[in-house]
Amino acid sequence: MKEPLEKNILNHINLTDKEYLNARSYFKSKKLKRLEVLHFTNVACNNIYFIESGIIRYYQMDDGKEVTGGFFFKGEWYADLFSFFSNSDTKQTAQALEDSTLLFISKQDLDKLYKEIPKTERFGRIIAEQTLVGLRNKMDDHTLLNAKERYLNLIKRNPIIIKKIPQHYIASYLGIKPQSLSRIRKNLYNFS
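Sequence order as written defines the numbering, with residues in each chain counted from 1. Under the rules for a predicted model, residues below a pLDDT of 70 receive no local features and side-chain atom pairs below 80 are neither given nor counted, while totals for whole chains, interfaces and linings still include all residues. To obtain the side-chain values, all non-hydrogen atoms of the structure were included, while hydrogens and water were left out.

Engineer: Hey, could you run me through the environment of Ser172 in this one?
Structural biologist: Elements are defined by DSSP. Helices are runs of H or I of four residues or more, strands are runs of E of two residues or more, and each kind is numbered from the N terminus. Examined against the element boundaries, Ser172 turns out to sit in helix H8 (residues 167-174). Accessibility expressed as a relative area gives 16% for Ser172, which makes it buried. Separated by 12 residues in the primary sequence, Ser172 and Ile160 place their C-alpha atoms 17 Å from one another. Exposure classes here rest on a 1.4 Å probe applied to the protein chains alone. A residue is buried below 20% of its type maximum, exposed above 50%, and partly exposed in between.

Engineer: Which parts of the structure should I look at to understand the nonpolar core?
Structural biologist: What tends to happen in soluble globular proteins is that the nonpolar side chains get buried as a cluster. In plain words, nonpolar cores are sets of buried Ala, Val, Leu, Ile, Met, Phe, Trp, Tyr and Cys residues tied together by side-chain atoms within 4.5 Å. Formed by 22 residues in total, the largest nonpolar core has its most connected members in Leu5, Ile9, Ile48, Trp77 and Ile105. Only helix H1 (4-10), helix H2 (17-24), strand S3 (47-53), helix H3 (81-86), strand S8 (100-106), helix H4 (107-116) and helix H5 (119-144) provide two or more residues apiece to this core. The greatest single-element share of this core, amounting to 3 residues, is contributed by H4. Sequence-distant contacts of Leu5, defined by excluding residues within four places in its chain, comprise Tyr20, Arg24, Phe27, Phe50, Trp77 and Leu103. Core analysis: the next-biggest nonpolar cluster, separate from the first, contains 18 residues, Leu154, Ile155, Ala171 and Ile176 among them. Residue contacts are defined here by distance: any two heavy atoms, one from each residue, within 4.5 Å place the two residues in contact.

Engineer: How should I be thinking about the sheet that holds strand S2 (residues 37-39) in this particular structure?
Structural biologist: Each strand in a sheet pairs with its neighbour through backbone hydrogen bonds, running either in the same direction (parallel) or in the opposite one (antiparallel). Spatially, 4 strands are ordered S2-S7-S4-S5 in an open sheet, and the strand pairing comes out antiparallel. One side of each edge strand has no neighbouring strand; the edge strands of this open sheet are S2 and strand S5 (65-73). The sheet shows a mean angle of 30° between the axes of neighbouring strands, taken without regard to direction. Pairing geometry for strand S4 (residues 55-62) and strand S7 (residues 93-96), over 4 bridges, is antiparallel. Counted as the bridge partner of Ile56 is Ala96 from S7. Along the sheet face, H8 touches S4, S5 and S7 and points at about 100° away from the line of S5. By definition, two strands form a pair when at least two bridges between them are found by DSSP. Helix axes use the C-alpha atoms of the stretch in contact, all axes being lines fitted to C-alpha atoms, and the angles between their N-to-C directions lie in the range 0 to 180 degrees.

Engineer: Please explain the pattern of salt bridges as it appears in this structure.
Structural biologist: Think of it this way: side chains of opposite charge can pair up when their charged atoms draw near. The rule for a salt bridge is simple: a side-chain nitrogen of Lys or Arg has to be within 4 Å of a carboxyl oxygen of Asp or Glu. Scanning the entire structure with this criterion turns up 10 salt bridges. In this structure, Glu3 and Arg24 form a salt bridge, with 2.9 Å as the shortest nitrogen-oxygen distance. Of this pair, Glu3 sits in the segment before H1 while Arg24 is found in helix H2, placing the two residues 21 residues apart along the sequence. Linked through salt bridges whose partners overlap, the residues forming this network are Lys28, Asp109 and Lys112.

Engineer: Any chance you could explain the packing of aromatic side chains here in plain terms?
Structural biologist: Aromatic ring pairs are defined here through the distance separating the ring centres and the angle between the ring planes. Side-chain rings of Phe, Tyr and Trp, where Trp is taken by its six-membered ring, are said to pair if the distance between their centres is within 6.5 Å; with planes under 30 degrees apart they count as stacked, over 60 as edge-to-face, and otherwise as tilted. Per the counting criterion, the structure on display carries 10 aromatic pairs. Taking the centre distance of 5.6 Å and the plane angle of 65° together, the rings of Trp77 and Phe123 count as edge-to-face. Of this pair, Trp77 sits in strand S6 (residues 77-78) while Phe123 sits in helix H5, and the two are 46 residues apart along the sequence. Each residue in the set Tyr49, Tyr58, Phe72, Tyr78 and Phe104 is aromatic and connected to the rest through ring pairs, giving one cluster. Geometrically, a lysine NZ or arginine CZ counts as sitting over a ring once it is within 6 Å of the ring centre and also within 35 degrees of the ring normal. The positively charged end of Arg57 is found above the aromatic ring belonging to Tyr169, 3.9 Å away from the centroid.

This is a description of form; function is not addressed.
Here is the structure:
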């Protein structure tokens with residue numbers, strides 16, 4: 001039975017068992033308790049994380065308030081790619097919303113892996129492309145849709161959000177107050 005990381009990689013590129021084991025040797029494991037911080041703002045994000053279990057949320061501070069930027073679930077990848085690629089400090093804090101197990105690879109080790117197994121570079125490109133598409137979807141949602149439409153798109157893309165994410169984080173992500181999200185949910189429930 002293949003582990004989640006192996007399944008994820010093999011969904012995008014073909015690796016022999018030997019190549020996968022070699023690639024896997026570059027990854028280290030990290031466990032986080034609920035609400036434990038993965039990284040704070042104003043430090044470089046030098047790792048890319050694969051979520052084996054749990055949920056990661058990232059947020060930025062605006063006028064003393066947390067503004068949620070995204071959620072990452074089991075089987076997904078998380079990194080502040082701007083910080084990762086530019087070697088600059090991140091402007092976001094990442095935290096576990098439940099006990100989580102992550103695998104991570106450093107930028108230095110990723111560069112070694114790309115040289116050792118060149119086809120893994122294609123995998124990196126695919127993950128970066130998916131990240132860009134996700135950011136564009138989020139930007140378009142926030143620019144073109146009202147709050148109700150943004151909420152419906154969010155739960156359509158990832159229905160688990162309703163069960164796993166506290167309402168105030170969802171509201172923050174949507175750019176609305178929790179009371180507004182309560183009204184949207186009540187109206188959807190009453191008319192569906």
